[in-house]
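# Descriptive structure summary
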Amino acid sequence: MTISMGNTRSQDGAETADLTATMLPSAEPVQLVDADGAHRHDDRYPLPDGEALLEAYARLVTGRRINDQANALVRQGRMAVYPSSHGQEACQVAAAAVLGGQDWLFPTYRDSVAVVSRGVDPLQVLTLLRGDWHAGYNPYEHKVAPQATPLATQLLHAVGVAHAAKLKGEDTVVLAMCGDGATSEGDFHEALNFAAVFHVPVVFFVQNNEYAISVPLKNQTVAPSLAHKAIGYGMPGERVDGNDLAALLAVLGTAVARAREGGGPALVEAHTYRMQAHTNADDATRYRAQEDVEKWVPRDPLLRMRTYLRGLSLLDDAAEERIAADAEAVAARMREGLNAETELDPMDLFRYVYTQPTPQLREQAEMLRGELSRTEA
Ligand SMILES: Cc1ncc(C[n+]2csc(CCOP(=O)(O)OP(=O)(O)O)c2C)c(N)n1
Ligand SMILES: [Mg+2]
């Protein structure tokens with residue numbers, strides 16, 4: 001049977017068996033550098049070269065520094081909230097690194113480090129979490145969609161952009177990020193089905209950090225893995241060690257290259273862990289044991305990449321100092337920018353929301369304008 005838009009579904013038994021074999025994820029998450037920093041050979045995924053790993057490692061260090069600095073700024077009352085990607089920095093860096101300038105990234109609230117890795121100014125990124133703007137950066141400038149808080153909604157937008165790019169004949173791949181919890185949303189299923197049927201160049205990147213606020217993965221799904229969900233829609237799924245920067249670059253890079261060559265969508269599940277609370281507004285000790293968190297400490301993505309690079313003499317003391325100084329400069333810029341007092345115009349609430357404001361919003365804007373002029377008087 002042929003489905004419209006050029007995507008073919010076979011009802012022939014032998015062909016179905018072949019497709020099943022190519023679409024099912026690996027039995028174990030792909031790993032190229034283990035927790036001790038040793039290379040693990042994998043015929044399917046060559047190790048990225050040393051230069052690429054060193055550059056990505058520097059971004060990991062900056063990412064960790066951004067997470068730590070943002071947490072401190074929240075405690076100092078300079079930011080409203082910060083969903084940290086501490087422990088997930090390898091996923092964050094790899095998501096940005098595998099994309100070209102013509103590609104689009106669709107991040108969530110937890111993916112600030114990925115957005116910075118894509119080249120967006122951290123101060124522009126953090127205005128959202130400071131509570132100043134819905135998105136502090138221009139999405140078109142860096143081809144980064146606004147960070148989405150309503151779970152999985154961005155996946156449908158991502159598929160729409162990929163579909164449009166395909167119709168226009170553009171060489172664009174879209175990488176859409178979401179968490180394990182978001183895979184239970186209707187929008188997740190609609191996005192995957194739409195992407196597969198229309199055969200669009202999108203890579204769904206699920207960071208499985210084992211929690212959706214207080215809900216553990218076992219209460220979220222009983223599927224063998226989240227990557228196994230892909231075959232149900234007719235696209236390949238792959239599992240990767242989400243704390244292994246090298247494996248993430250290889251697996252995501254392969255999925256992006258495949259999408260660019262017209263191979264259609266894919267789903268990549270990264271197995272990682274949310275090392276800190278959901279946000280500063282959450283007390284994780286109420287629903288998970290500290291021993292469980294500690295098991296993940298030795299699997300830290302920075303530690304293993306550092307050990308690997310030092311083992312090959314690709315990273316020496318001088319390079320470490322330079323990388324740390326660069327990360328510190330980013331943190332200093334965050335402190336300076338976010339500690340500065342800003343004069344916000346409350347009328348901004350109504351600007352840049354709709355091209356044509358609705359009658360209700362116009363009415364509310366007038367009310368606010370009236371109140372402001374009374375308080376100023
Ligand atoms: C549609 C929708 N429902 C509920 C929420 C409230 N909510 C915010 S974050 C979250 C958990 C999401 O977990 P996951 O997708 O695993 O992402 P993580 O926070 O672990 O990165 C929930 C339920 C929301 N933001 N959007
Ligand atoms: Mg999660």
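Named according to an unreviewed UniProt entry, the chain is 3-methyl-2-oxobutanoate dehydrogenase subunit alpha originating from Arthrobacter saudimassiliensis. As recorded by UniProt, the Cofactor (unreviewed entry) comment attached to the chain reads in full: "thiamine diphosphate".

### Notes on the overall build of the chain
The helix and strand inventory of the chain stands at 14 helices and 7 strands. Along the three orthogonal principal directions, the C-alpha set of the chain runs to about 80 × 55 × 40 Å. Across the chain, every contact between residues at least 6 apart in sequence was considered, and the portion connecting residues at least 24 apart equals 74%. By element, 53% of the accessible surface of the chain is carried by carbon and sulfur atoms, the whole surface being about 18,000 Å². In the chain, 34 side chains carry a positive charge and 51 a negative one; their mean positions are 3 Å apart.

### A word on the sheet that holds strand E7 (residues 266–271)
Judged by pairing direction, the sheet is parallel, and its 5 strands sit side by side in the order E1-E2-E3-E7-E6 without closing on themselves. Both outer strands of the open sheet, strand E1 (104–106) and strand E6 (237–241), are each paired with one neighbouring strand and no more. Neighbouring strand axes in the sheet, compared pairwise and without regard to direction, differ in orientation by 20 degrees on average. Summarising the sheet, strand E3 (residues 202–208) and E7 pair through 6 bridges and their orientation is parallel. Bridge pairing in E7 links Val206 to Glu269.

### So, helix H2 (residues 50–75)
With 26 residues, H2 should cover 38 Å at 1.5 Å per step; its first-to-last C-alpha distance of 38 Å lies within 8% of that length. One side-chain oxygen at the N-terminal end of H2 lies 3.0 Å from the backbone nitrogen of Glu51; it belongs to Asp49. Positive phi shows up at Gly77, right after H2, with a value of about 80 degrees.

### Points about unusual backbone geometry
One non-glycine residue, Lys143, adopts positive backbone phi at about 55 degrees. Positionally, Lys143 belongs in the loop between helix H6 (139–142) and helix H7 (153–168). Lys143 sits in the partly exposed class, given a relative accessible area of 27%.

Reading guide: rules and limits
Residues numbered from 1 in each chain as written. Chains lettered and ligands numbered in written order. Predicted model: local features only at pLDDT ≥ 70, side-chain atom pairs only at ≥ 80, totals over all residues. Heavy atoms only, no water. UniProt positions renumbered as here; feature names shortened; annotations may be inferred. Helix = DSSP H or I, 4+ residues; strand = E, 2+ residues; numbered from the N terminus. Contact = heavy atoms within 4.5 Å. Areas by Shrake-Rupley, 256 points an atom, 1.4 Å probe, with all protein chains shown as cover. Lys, Arg positive; Asp, Glu negative; His and termini not counted. Charge placed at Lys NZ, Arg CZ, Asp CG, Glu CD. Pairing = 2+ DSSP bridges. Axes fitted to C-alpha atoms, helices over the stretch in contact; angles between N-to-C directions. Expected span 1.5 Å × (residues − 1). Polar contact = N/O pair within 3.5 Å; in protein donor to acceptor, adjacent residues only side chain to side chain. Buried < 20%, exposed > 50% of the residue type's maximum accessible area, 1.4 Å probe, protein only.

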